[in-house]
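Here are the chains, one letter per residue:
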Amino acid sequence: MTTLAEALRTGTVVADGGLSTELESRGHDVTSSLWSARLLRDDPAAVTDAHAAFARAGAQVATTASYQASFPGFAAAGIDGSQARMLMVRSVQLARDGLALAGRDGWVAASIGPYGAFLADGSEYTGDYADHVSVAEMRAFHRPRLAVLAEAGADVLACETLPAAAEVEALLAELAELGVPAWLSLTSTTGPDGVARTRRGERLDEVCAMARDVDAVIAVGVNCTDPAGVPAAVAAAGASGKPGVAYPNSGEAWDATARRWTGRPGVGDASGWLAAGARLVGGCCRVRPDDVRALADAVR
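Please read all numbers here as calculations on a predicted model, not as lab measurements.

About the cut-offs
- Residues numbered from 1 in each chain as written.
- Predicted model: local features only at pLDDT ≥ 70, side-chain atom pairs only at ≥ 80, totals over all residues.
- Heavy atoms only, no water.
- Helix = DSSP H or I, 4+ residues; strand = E, 2+ residues; numbered from the N terminus.
- Rg over C-alpha atoms; globule rule 2.2 N^0.38 Å.
- Buried < 20%, exposed > 50% of the residue type's maximum accessible area, 1.4 Å probe, protein only.
- Contact = heavy atoms within 4.5 Å.
- Core = buried A, V, L, I, M, F, W, Y, C linked by side-chain atoms within 4.5 Å.
- Axes fitted to C-alpha atoms, helices over the stretch in contact; angles between N-to-C directions.
- Parallel < 35°, antiparallel > 145°, perpendicular 65-115°, else oblique.
- Left-handed = near helix turned anticlockwise from the far one by under 90°.
- Nonpolar A, V, L, I, M, F, W, Y, C, P; charged D, E, K, R; others polar.
- Phe/Tyr/Trp six-rings, centres within 6.5 Å; stacked < 30°, edge-to-face > 60°.
- Salt bridge = Lys/Arg side-chain N within 4 Å of Asp/Glu carboxyl O.
- 1 Å grid on protein atoms, 1.4 Å probe; cavity = no way out; pocket = protein on both sides within 12 Å on 5 of 7 lines; lining within 4 Å.
- Points joined across faces, edges and corners; volume = space filled by probe spheres on them.

A closer look at the overall build of the chain
Turning to step 1, where the next piece is worked out: For the chain, the count of helices and strands is 13 helices and 12 strands.
Turning to step 2, where the next piece is worked out: Relative to the globule expectation of 19 Å for 300 residues, the C-alpha radius of gyration of the chain, 17 Å, shows essentially globular dimensions.
Turning to step 3, where the next piece is worked out: The C-alpha extent of the chain, read off along each of the three principal axes, is 50 × 45 × 40 Å.
Turning to step 4, where the next piece is worked out: When the 300 residues of the chain are sorted by exposure, 52% land in the buried category.

Here's the deal with the side chain of Gln68
Turning to step 1, where the next piece is worked out: For Gln68, the location among the structural elements is in the loop between strand 2 (61–63) and helix 5 (71–76).
Turning to step 2, where the next piece is worked out: Classification of Gln68 by relative accessible area gives buried; the value is 12%.
Turning to step 3, where the next piece is worked out: If we skip the residues at most four places from it in the chain, Gln68 touches Ser33, Leu34, Trp35, Ala117 and Ala120.

Quick look at the nonpolar core
Turning to step 1, where the next piece is worked out: Of all hydrophobic cores here, the largest spans 64 residues; its most connected members are Phe74 and Leu184.
Turning to step 2, where the next piece is worked out: Here this core takes seven residues from helix 6 (residues 81–101), the largest share from any one element.
Turning to step 3, where the next piece is worked out: Setting aside residues no more than four positions away along its own chain, Phe74 makes contact with Leu34, Ala37, Ala69, Ile79, Ala84, Leu87 and Met88.
Turning to step 4, where the next piece is worked out: Judged by nonpolar contacts, the second largest core, of 20 residues, contains Val156, Trp183, Val245 and Tyr247.

Focus on the packing of helix 6 against helix 8 (residues 135–151)
When two helices pack together, their arrangement is given by the angle between the helix axes and the distance between those axes.
Turning to step 1, where the next piece is worked out: Helix 8 packs onto helix 6 with a crossing angle of 45° between their chain directions and a minimal axis gap of 9 Å. Put simply, helix 6 runs oblique to helix 8. The chirality of how helix 6 crosses helix 8 is right-handed. Contact residues: helix 6 offers Arg85, Met88, Val89, Ser91 and Val92, while helix 8 offers Arg145, Val148, Leu149 and Glu151.
Turning to step 2, where the next piece is worked out: Broken down by class, the residue content of the contact of helix 6 with helix 8 amounts to five nonpolar, one polar and three charged.

What to know about the packing of aromatic side chains
Turning to step 1, where the next piece is worked out: According to the stated counting rule, one finds five aromatic pairs in the structure shown.
Turning to step 2, where the next piece is worked out: With a centroid separation of 5.5 Å and 35° between ring planes, the pair formed by Phe118 and Phe141 is classed as tilted. Here Phe118, found in helix 7 (residues 115–119), pairs with Phe141, found in helix 8; they are 23 residues apart in sequence, far enough to count as distant.
Turning to step 3, where the next piece is worked out: When its relative accessible area of 9% is taken as the criterion, Phe141 is described as buried.
Turning to step 4, where the next piece is worked out: Plain terms: the ring middles of Trp183 and Tyr247 are 6.0 Å apart, the flat faces sit at 75° to each other, and that makes the pair edge-to-face.

Considering the pattern of salt bridges
Turning to step 1, where the next piece is worked out: Here the structure, examined in full by the defined rule, presents 14 salt bridges.
Turning to step 2, where the next piece is worked out: Here Glu22 makes a salt bridge to Arg26, at a shortest N to O gap of 2.8 Å.
Turning to step 3, where the next piece is worked out: Taking relative accessible area as the criterion, Glu22 reaches 3% and is therefore assigned buried.
Turning to step 4, where the next piece is worked out: Residues Asp42 and Arg41 are paired through a salt bridge, measuring 2.7 Å at the closest nitrogen-oxygen approach.
Turning to step 5, where the next piece is worked out: The exposure class of Asp42 is partly exposed, given its relative accessible area of 38%.

Section: empty space enclosed by the protein
Turning to step 1, where the next piece is worked out: Under the criterion given, the structure shown has one cavity of 30 Å³ or more.
Turning to step 2, where the next piece is worked out: Estimated volume of the largest cavity: approximately 270 Å³.
Turning to step 3, where the next piece is worked out: Considering the residues around the largest cavity, the lining is formed by 23 residues, among which Gly17, Leu19, Trp35, Glu160 and Cys284 are closest to the centre.
Turning to step 4, where the next piece is worked out: Broken down by secondary-structure element, the contributors of at least two residues to the lining of the largest cavity are helix 2 (19–25) and strand 4 (156–162).
Turning to step 5, where the next piece is worked out: Top element by residues in the lining of the largest cavity is helix 2. It accounts for three residues.
Turning to step 6, where the next piece is worked out: For the lining of the largest cavity, the class distribution of residues is nine nonpolar, 12 polar and two charged.

Here is the structure:
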């Protein structure tokens, strides 16, 4: 099978959707600080089944349940280092098993969530921790799990939902040393002026351009963002010189007072993403297998 990098150079690849959303919809509790990573220990078969559902819908990339899997995060949940390593490795195998269960060839992307995901306080959507966590500290946080997930046989490391330039800097330094394929995906906003920015307010084009000379990075773009802002964000990510990445949320908004999702779900028109330079397309929060099927049909 061709590498993901080669596939992105020659065409469009469909990624999966919101793994935690799918697990939650199947009755699993993903409200702990470990989110879907808890099921790597407690119900691995459920993770495999969710991966298979997306693959049957047309996803060619299975993204592992490791977004909030980190050694400090597991330790806080009473899971020691050796078991944490085993669960990270398991996440890659479960994704591979899900593709096989669906009878599909594809690539496994090891999810690497931001430092804010470990904090489990929503700060991955603000990047506020960049005020007091240094680049060196972020590098030290990410380094062990990057190595474990790479050694586990993931086809690509999906460094995703990154809210700040400082964390991009940290991950780029680690990826350059590790030398394994990776994509970078930031969470962004697009203002009334049409300018895409990180959640910290930095110009997205300037941050994405930091990846231009890092050979390990095979694609750059955005995820966990409003579909309406994707074309501008993907265009800005083009400053990296890499194929674009776009896997937004469903378009709904969370009403914290009423504790419910509002708005009309739908990932939007992917043609605008492709025109802006996206070559890896999928969905994030609240994006289900049926949404991925519609997206795959649109891409074809």
